[in-house]
Each structure stands twice: as structure tokens, then as C-alpha cells.
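Structural characterization, general
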Amino acid sequence: MTQTADRATLPEGGKARRVYLLLRDEIANGLHAENATLPGEQRMAETFGVSRVTVRRALDALSQDGLIERRAGSGTTVRLPPAQAQPIAADFTTLMPQLVEMGQSTTARLLSFSYGAAPDHVRRAMGLGQSARVQIATRVRSAEDRPFSHLTTYVPADIASNYSEGDLATTPLYHLLERSGVTIDEAEQSVSATLASPDVAEALGVSVGSALMSLRRVVRDVNGRGVEYLAALYRPDMFRLDMTLSRVGEGSARHWRPRIGADVPEDGG
């Protein structure tokens, strides 16, 4: 059966998944044109250093995703990926205001809402005491009814008590923090990659083990207090971070520098 464009089909086995992901990315990046014939199973097995059975599993998954067509006697041909909406783009150097705007132009679904102790890594990052309580909320944000981000936020309980669970489901968090009297001054963030766990995969409509962009951010107020810790996971086919660079300096000191305030779409993509 053919899968929807929102959910990929990862084959069983680590080697088969690796072959599947490599071939899928090659097709998505245009390295194999539409109607092009892929190499035979034996040749691909030699290329990837796996067995023909492993290659066959990867090809079966690609076929289920509608990315290839397999016909006896005529080989495996490439099909165009199913039509998808353009990914949301955010400029890394102006990310914060874009994310605020994104909160107004996309929709959020609240998955969980509770109060409790912060995990140790969150407590340390925010500079909280051992007994500090935080509000923990998990949301999925969607654009045009397609989920693209899984967001878990931690906010000190004394700040979070100024808004309700219903507020968090309908209003961007930054607006709620400001309404609570918080003056945001700075943030530290890092971007890496991770794999989708079963609960995140279900929420984002992807297969377990799919690659996701991982963003961690600590937001501080004018007094240096940590007022929010964000753990965000993004579908890479639905969200990307861009950066515009300028070449500056002279001679051997010439280097690339991020261009602050580059032109970017106001709605984040």
C-alpha cells in the first residue's frame, strides 16, 4: 500500500534503514531523476556493503512510500516524491522574533500539562534550586493541519501560576510570560539531531527512529533568571533553519560572519 506524504515507512533492521534513508535522501535531493532506473539489487548490495535481502527490504519500504516502482523484468524506477507543502523556514540569526510570529500563524495542540520537579539537566541549565517546581507542558504545533514540531517547555511555577492550561493551548508562551510580568533579556540555544521516540513519532506522524532536528533553549530575564527551558523537536521535511553569511575582514583574517537582520519571511516561512 502507498503511505501518505506525512508518514514514511522505515524497514525493519538497522542496515535496511540505513540503505532506505540514503536512497530516500538521494531521491529527495534529485540525484535520481524521475523514471530513472536504479542499479540492480546485487550492485546496490555491493555498494552499501550489505546483503541483497537488506537491499530488498529497503526497496520495499521505498515502494510503499511511493518513491519507486518495482516491476519484474524492467527493474526499479524512480517516481517523484508525493507533493508536499514547502517547509517552514526560519533565519537562525533572527530566530526569536520569528518564533513568536510563528506562534500566531500556526496552531498548537496541548498534549500534557502538569507541575512537578524539573529534570536535573533542566534545573541546572535554568539555575534552579533542588526543590524548585516547574510547570511542564508538551504541545504539538502544526501548519495547515500538518504537525511539524513537538515542544516541551519548563517554566518556574511562580511565573506559570499567572496563566492557565487553556491559555497555554491558545496563546504563544512568550506572550504569556510577558503578561506575567517577565521582561525577557537573552537566550542560549543549541541545535543538534536526534531520533523519534514512539510517543514523539506518533504525535508528529513519522515512523519511530526517524531523524528529527533537536533545539534546546534557555530563556533568561533582565535579572539573569531562567524563565523558560524549551526542548523542541522538528520534522526536517517541515522545518529548516537558514543563515545568511557575509565575507568580512582583510587578508588572512578574512572570514564568514552571520548577517544579522537578513530579509526573511515575517511568518517564518
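In this report, we go over the structure that sits alongside the text. Quick caveat: nothing in here was measured; it's all calculated off a predicted structure.

**So, the sheet that holds strand S6 (residues 146–156)**
Strand pairing within a sheet occurs via backbone hydrogen bonds; the two strands may be parallel or antiparallel. Pairing in this open sheet of six strands is antiparallel, and the strands run S4-S5-S6-S9-S8-S7 from one edge to the other. Two strands close off the open sheet at either side, each with one partner strand: strand S4 (107–117) and strand S7 (184–195). With direction set aside, neighbouring strand axes in the sheet form an average angle of 15°. Looking at chain direction, strand S5 (residues 133–143) and S6 are connected through 10 bridges and run antiparallel. Note on S6: the bridge partner recorded for Gln135 is Val155.

**Some thoughts on the side chain of Ser149**
Note on placement: Ser149 falls in strand S6. We classify Ser149 as buried; its relative accessible area is 1%. Ignoring anything within four residues of it in the chain, the contact list for Ser149 reads Arg139, Val140, Arg141, Leu204, Leu233 and Tyr234.

**With respect to the nonpolar core**
Formed by 18 residues in total, the largest nonpolar core has its most connected members in Leu23, Leu59 and Leu62. Tallying contributions element by element places helix H3 (residues 52–64) first for this core, with five residues. Excluding anything up to four places from it in sequence, Leu23 contacts Met44, Phe48, Leu59 and Leu62. The next biggest cluster of nonpolar side chains, apart from the first, holds 13 residues, and it includes Ala137, Ile159, Tyr163 and Leu176.

**Here we look at helix H2 (residues 41–48)**
All of the buried residues along H2 are Glu41, Met44, Ala45 and Phe48. When H2 is viewed along its axis, its buried side chains cluster within an angular range of 105° and face the same direction. Looking at H2, the residues exposed on the side facing more than 90 degrees away from the buried face are Arg43, Glu46 and Thr47. Tucked into the core, H2 has its buried residues touching helix H1 (14–28), H3 and strand S1 (68–71). Taken from the residues just after H2, Gly49 is the one with a positive phi, measuring 70°.

What counts and what doesn't
Residues numbered from 1 in each chain as written. Predicted model: local features only at pLDDT ≥ 70, side-chain atom pairs only at ≥ 80, totals over all residues. Heavy atoms only, no water. Pairing = 2+ DSSP bridges. Helix = DSSP H or I, 4+ residues; strand = E, 2+ residues; numbered from the N terminus. Axes fitted to C-alpha atoms, helices over the stretch in contact; angles between N-to-C directions. Buried < 20%, exposed > 50% of the residue type's maximum accessible area, 1.4 Å probe, protein only. Contact = heavy atoms within 4.5 Å. Core = buried A, V, L, I, M, F, W, Y, C linked by side-chain atoms within 4.5 Å. Arc of directions from axis to C-beta.

Read these as spatial facts, not as claims about activity.
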